[in-house]
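Listed below are the residues making up each chain.
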Amino acid sequence: ERDQEAGETMLREYPELVLAVFLHTVAYKTWPVPMPPTKLINGRPVVFFRTYVGAAAKAVQLGLMDVAGMERVIDAAESALGAIRPADSKWVDVRADIKNAREMFDTKSS
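Structure report, in brief. Since this is a predicted model, take the numbers as computed values, not measurements. (Residues numbered from 1 in each chain as written. Predicted model: local features only at pLDDT ≥ 70, side-chain atom pairs only at ≥ 80, totals over all residues. Heavy atoms only, no water.)

## Quick look at helix 3 (residues 67–80)
Piece 1. The terminal C-alpha atoms of helix 3, which comprises 14 residues, lie 20 Å apart, in line with the 20 Å expected from a rise of 1.5 Å per residue.
Piece 2. Those residues of helix 3 hidden inside the fold are in contact with helix 2 (52–61) and helix 4 (90–105). (Helix = DSSP H or I, 4+ residues; strand = E, 2+ residues; numbered from the N terminus. Expected span 1.5 Å × (residues − 1). Contact = heavy atoms within 4.5 Å.)

In structure tokens:
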């Protein structure tokens, strides 16, 4: 529960060692999950994400990952959820993040 505080401390004290902090945003009673905006500490971003696909897209935006890496994350997410019915709520955020990522970087769609 103090992940954000720990990440921000790392950026304040060791900005030369930490390129970015990525924090998974979850909510158990609220949907959609409210997403805090990205913020900078010592010129380094604190990024919030709902899914690993969303995190990968942010990493590409920041130059920390290439688009091919993001596509591998998309493939892994789709594979991990493969046994779950596509109508299941677990797919909602993943599907939205895949759509946004592919539109943002003009990559293939499935």
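## A word on the side chain of T107
Piece 1. Mapping T107 onto the fold places it in the segment after helix 4.
Piece 2. Side-chain polar atoms of T107 contact the side chain of E71, separated by 2.7 Å.
Piece 3. Sequence-distant contacts of T107, that is, excluding residues within four places in its chain, are made with V67, M70, E71 and R102. (Polar contact = N/O pair within 3.5 Å; in protein donor to acceptor, adjacent residues only side chain to side chain.)

## What about the nonpolar core?
Piece 1. V53, A56, A57, V60, M70, I74, A77, L81, W91, V94, I98 and A101 together form the largest nonpolar core, which totals 12 residues.
Piece 2. Not counting the four nearest positions on each side in its chain, V60 is found in contact with M65, D66, V67, M70 and F105.
Piece 3. The next biggest cluster of nonpolar side chains, apart from the first, holds 7 residues, and it includes L11, L23, I41 and F48. (Core = buried A, V, L, I, M, F, W, Y, C linked by side-chain atoms within 4.5 Å. Buried < 20%, exposed > 50% of the residue type's maximum accessible area, 1.4 Å probe, protein only.)

## Comments concerning the pairing of strand 1 (residues 21–24)
Piece 1. Side chains V21 and L23 of strand 1 all project onto a buried face; the interleaved residues F22 and H24 project onto a face where none is buried.
Piece 2. Bridge count between strand 1 and strand 3 (residues 44–49): 4 bridges; the pairing is parallel. Paired with H24 across the strands is F49, a residue of strand 3. (Pairing = 2+ DSSP bridges.)

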